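# Structural overview for review
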Amino acid sequence: MENVYDIVIIGAGPGGLAAGLYAARAKMKTLILEKDKTGGQIVTTNEVANYPGSIQEATGPSLIARMVEQTEEFGAERKKDTVMDVDFTEKIKVIKGEKEEYKAKAVIIASGATPRPIGCPGEKKLTGKGVSYCATCDADFFTDLEVFVIGGGDSAVEEAMYLTKFARKVTIVHRRDELRAAKSIQDKAFKNEKINFMWDSVVEEIKGDGIVESVVFKNKKTEETTEYHADEEDGTFGIFPFVGYKPQSDVFKDKIELNEGGYVITDADMKTDVEGVFAAGDIRVKSLRQVVTATADGAIAAVAAEKYIENNF
Ligand code: NAP
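The numbers attached to residues start from 1 for each chain and follow its sequence in the written order. Since the coordinates come from a predicted model, pLDDT governs what is reported: local features require at least 70, and pairs of side-chain atoms require 80 or more to be given and counted, while whole-chain, interface and lining totals use all residues. Excluded from the side-chain calculations are hydrogens and water; all other atoms, namely the structure's heavy atoms, are used.

### Description of the overall build of the protein chain
Helix and strand definitions here come from DSSP, where helices need a minimum of 4 consecutive H or I residues and strands a minimum of 2 consecutive E residues; each element is numbered from the N-terminal end. Secondary structure summary: the protein chain contains six helices and 16 strands in total. Atoms considered for the radius of gyration are the C-alpha atoms alone. The globule rule reads 2.2 Å times the number of residues to the power 0.38. By the compact-globule yardstick of 20 Å for 313 residues, the protein chain fits well, its C-alpha radius of gyration being 21 Å. Projected onto its principal axes, the C-alpha coordinates of the protein chain cover approximately 65 × 40 × 30 Å. With a 1.4 Å probe rolled over the protein chains alone, any residue whose accessible area is under 20% of its type maximum counts as buried; one over 50% counts as exposed, and the rest are partly exposed. The 313 residues of the protein chain split such that 50% are buried. Note on contacts: a residue pair qualifies if any of its non-hydrogen atoms lie within 4.5 Å across the two residues. Partitioning the intrachain contacts of the protein chain with sequence separation of at least 6 by distance along the chain shows that 58% fall at a separation of at least 24. Positive: Lys, Arg. Negative: Asp, Glu. His and the chain ends are not part of the count. Where a charge lies is defined by one atom per residue type, namely NZ (Lys), CZ (Arg), CG (Asp) and CD (Glu). When the 41 positive and 53 negative side-chain charges of the protein chain are each reduced to one mean point, those points stand 3 Å apart.

### Quick look at the domain arrangement of the protein chain
Segment limits for the domains were obtained from an automatic or database-derived domain assignment. Its domain assignment divides the protein chain into domain 1 (5-115 + 245-312) and domain 2 (135-241). With four residues of domain 1 in contact, the opposing surface of domain 2 contributes six residues. By definition, a salt bridge exists where a carboxyl oxygen of Asp or Glu is found within 4 Å of a side-chain nitrogen of Lys or Arg. At the boundary of domain 1 with domain 2, the tally comes to zero salt bridges. By the criterion applied in these results, polar contacts are pairs of N or O atoms within 3.5 Å in which, for protein atoms, one can donate a hydrogen and the other can accept it, and in which residues neighboring in sequence qualify only through two side-chain atoms. Here domain 1 and domain 2 share zero residue pairs in polar contact (both at pLDDT 80 or more) between them.

### Considering the packing of helix 4 (residues 154-163) against helix 5 (residues 183-191)
Orientation is described by axes fitted as lines to C-alpha atoms, over the contacting stretch for helices, and by angles from 0 to 180 degrees between their N-to-C directions. Where helix 4 meets helix 5, the axes come as close as 10 Å, and the angle between the chain directions of the two elements is 35 degrees. You can see that helix 4 and helix 5 cross each other, and the crossing is left-handed. Contact residues: Asp154, Val157, Glu158 and Met161 in helix 4; Ile185, Lys188 and Ala189 in helix 5. Its residues assigned to classes, the contact of helix 4 with helix 5 shows four nonpolar, no polar and three charged. Working rule for handedness: look at the near helix, and if it is turned counterclockwise from the far one by less than a right angle, call the crossing left-handed; if clockwise, right-handed. The residue classification treats Ala, Val, Leu, Ile, Met, Phe, Trp, Tyr, Cys and Pro as nonpolar and Asp, Glu, Lys and Arg as charged. All others, Gly included, are polar.

### A closer look at the pairing of strand 8 (residues 146-150)
Counting buried positions along strand 8 yields five of five residues, so the element is predominantly enclosed. Burial along strand 8 is two-sided: Glu146, Phe148 and Ile150 facing one way and Val147 and Val149 facing the other are all buried. The β-α-β motif built from strand 8, the intervening helix 4 and the parallel element strand 9 (residues 169-173) has right-handed crossover chirality. As judged from the four bridges shared by strand 8 and strand 14 (residues 238-241), these two strands associate in the parallel manner. Across the sheet, residue Val147 finds its bridge partner in strand 14, namely Gly238. Handedness is read with the strands pointing away from the viewer; a crossover is right-handed when the path from the first strand over the helix to the second is clockwise. Strand pairing is assigned whenever DSSP identifies at least 2 bridges connecting the two strands.

### Overview of the sheet that holds strand 8
With parallel pairing, four strands are arranged side by side in an open sheet as 10-9-8-14. Only two strands of the sheet have a single neighbouring strand rather than two, namely strand 10 (195-198) and strand 14. Pairs of neighbouring strands in the sheet enclose a mean axial angle of 25 degrees, with direction left out of account. Here strand 9 runs beside strand 10; their pairing, made up of four bridges, is parallel.

Now the structure itself:
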């Protein structure tokens, strides 16, 4: 079985890279596929304060760079390709990429999740033109400008705090009158003088001709709508939606069991309902989506995949 990998891992975020490290270290012929840039969502985060061992200067990109180095050291192969389809019906699994077709004895799905859009008119058209889903990548464009952050979870509040290093004023727009974010994160935000809050409000529309010029907010309690226009001198402002994530599992629909939200169902050994197919990281049904849980999933999935191969090939 010359052209058959032992393990193909789909996705090179922390879950996929940890799986790659464990698989390659166990001398499995391992391939990690990534459609985008290596690292997944964590490379869009400037601060990783809650991964054990990561200290002040640890950023998402620096943590990922070290993980990549480790997987390479143990001999895991990495390729940039987008998975378009999979065939899990036979013992040898087939992964159909945009560029190539890959065969494997076992597959680990670690394709993660992507930011969920607000879904209002103008959002798509103005993405990259004032609307951004990555504070680390784009904060610099908004130096001395105003910024609105949409959402009330950990991501929204943490990214809002990061944005205060650049923007003149940051307003968190939340659809309720209390935040969902962890208390420790909330406390820091309430103390930050650059952060303002707009409660009970949602974004109805984002407007602009080639660049964000105004945004329409609706107060959910009073039903009142207000249009906020860019300061004349600024000409624009930023909108950063952080309203949750959606799993990147479309390609696995009808191939493995997913829950109603599209997340992959696994057991404690990361096994899906298909023999030889495992999942790790944010793509899974789980209660805590963090780097530390993704890497743990990756390790467990790789060891389970190795055992599966030993017993079945
Ligand atoms: P999240 O916890 O699902 O929060 C999403 C926020 O967006 C909620 O406040 C929600 O409002 C709001 N929302 C959802 N749909 C909306 C819509 N259509 N319009 C306006 N607002 C909307 O997502 P997240 O903050 O991205 O976090 C995802 C996961 O990553 C969580 O498990 C989180 O703990 C974790 N995370 C952890 C850290 C950390 O520990 N440092 C950092 C980032 C993320 P409601 O509150 O009303 O539902």
